[in-house]
Structures are given as C-alpha cells and as structure tokens.
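Architecture at a glance
Chain by chain, the residues:
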Amino acid sequence: MTYFLNGERVERHPDARTIEELVERLELAAETTLVEHNGVALRRREWTSRNLQEGDRVEVLRVAAGG
C-alpha cells in the first residue's frame, strides 16, 4: 500500500496500520509530534483509531523549543 508522508509518496510500513503505529515506526516522540491525516489535525488519543488507507495523506510535524 502507498500513502503520502509530508508530500512524498512512500510504501507503508507493513506493520504500521494506524497513525500511532506509524509514529512509533518513525521513532518519533509522541509528546512533541503533531499529525494531520487527510487534512484533519488529530489529537494524540485519536491516533489509535485512525487506520492508514491507500492514498492517504499524512503530515507530521515535530515541535521544538529554541531561540
């Protein structure tokens, strides 16, 4: 299955079926990660119920402090 991650076409990680699993496979800290799935900003508690489907568009942002 193929989806778009931050605008780039990628093959889905075979064991990542949900947004939560994708964030884990990408080794991102959930506390500092924001996810938009098909144009909808998700709360972290929604990640487990959002399944990845063919052609989905996922945008992942990492929040960083600094100055």
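This one's a predicted model, so the numbers in the text were calculated from it and none came from an experiment.

Here is what the cut-offs are and how they apply
Residues numbered from 1 in each chain as written. Predicted model: local features only at pLDDT ≥ 70, side-chain atom pairs only at ≥ 80, totals over all residues. Heavy atoms only, no water. Helix = DSSP H or I, 4+ residues; strand = E, 2+ residues; numbered from the N terminus. Buried < 20%, exposed > 50% of the residue type's maximum accessible area, 1.4 Å probe, protein only. Pairing = 2+ DSSP bridges.

For the rest of this paragraph, the subject is the environment of Leu 52. Inspection of the secondary structure assignment puts Leu 52 in the loop between strand S4 (40–42) and strand S5 (57–62). Look at Leu 52 and you get buried, because its relative accessible area is 3%. Along the primary structure Leu 52 and Met 1 are separated by 51 residues, whereas in three dimensions their C-alpha atoms are 9.2 Å apart.

Our focus in this paragraph is the pairing of strand S3 (residues 33–37). Side chains of S3 alternate between two faces, with Thr 33, Val 35 and His 37 buried and Leu 34 and Glu 36 left unburied. Looking at chain direction, S3 and S4 are connected through three bridges and run antiparallel. Each bridged residue has a counterpart across the sheet, and for His 37 the counterpart in S4 is Val 40. In sequence, S3 turns back onto S4 through a hairpin of two residues, with Asn 38 there showing a positive phi of about 50°.

Positive phi, normally seen in glycine, also occurs at Asn 6, with a value near 50°. Here Asn 6 is to be found in the loop between strand S1 (2–5) and strand S2 (8–11).

With that settled, consider the pairing of S1. Two elements, S1 and S2, share four bridges in a ladder whose sense is antiparallel. The residue bridging Thr 2 from the neighbouring strand is Glu 11, located in S2. In this antiparallel pair of consecutive strands, S1 and S2, the connection spans two residues, and Asn 6 shows a positive phi of 50°. Pairing of S1 with S5, which is carried by two bridges, proceeds in the parallel orientation. Pairing of Leu 5 across the sheet is with Val 58, part of S5.

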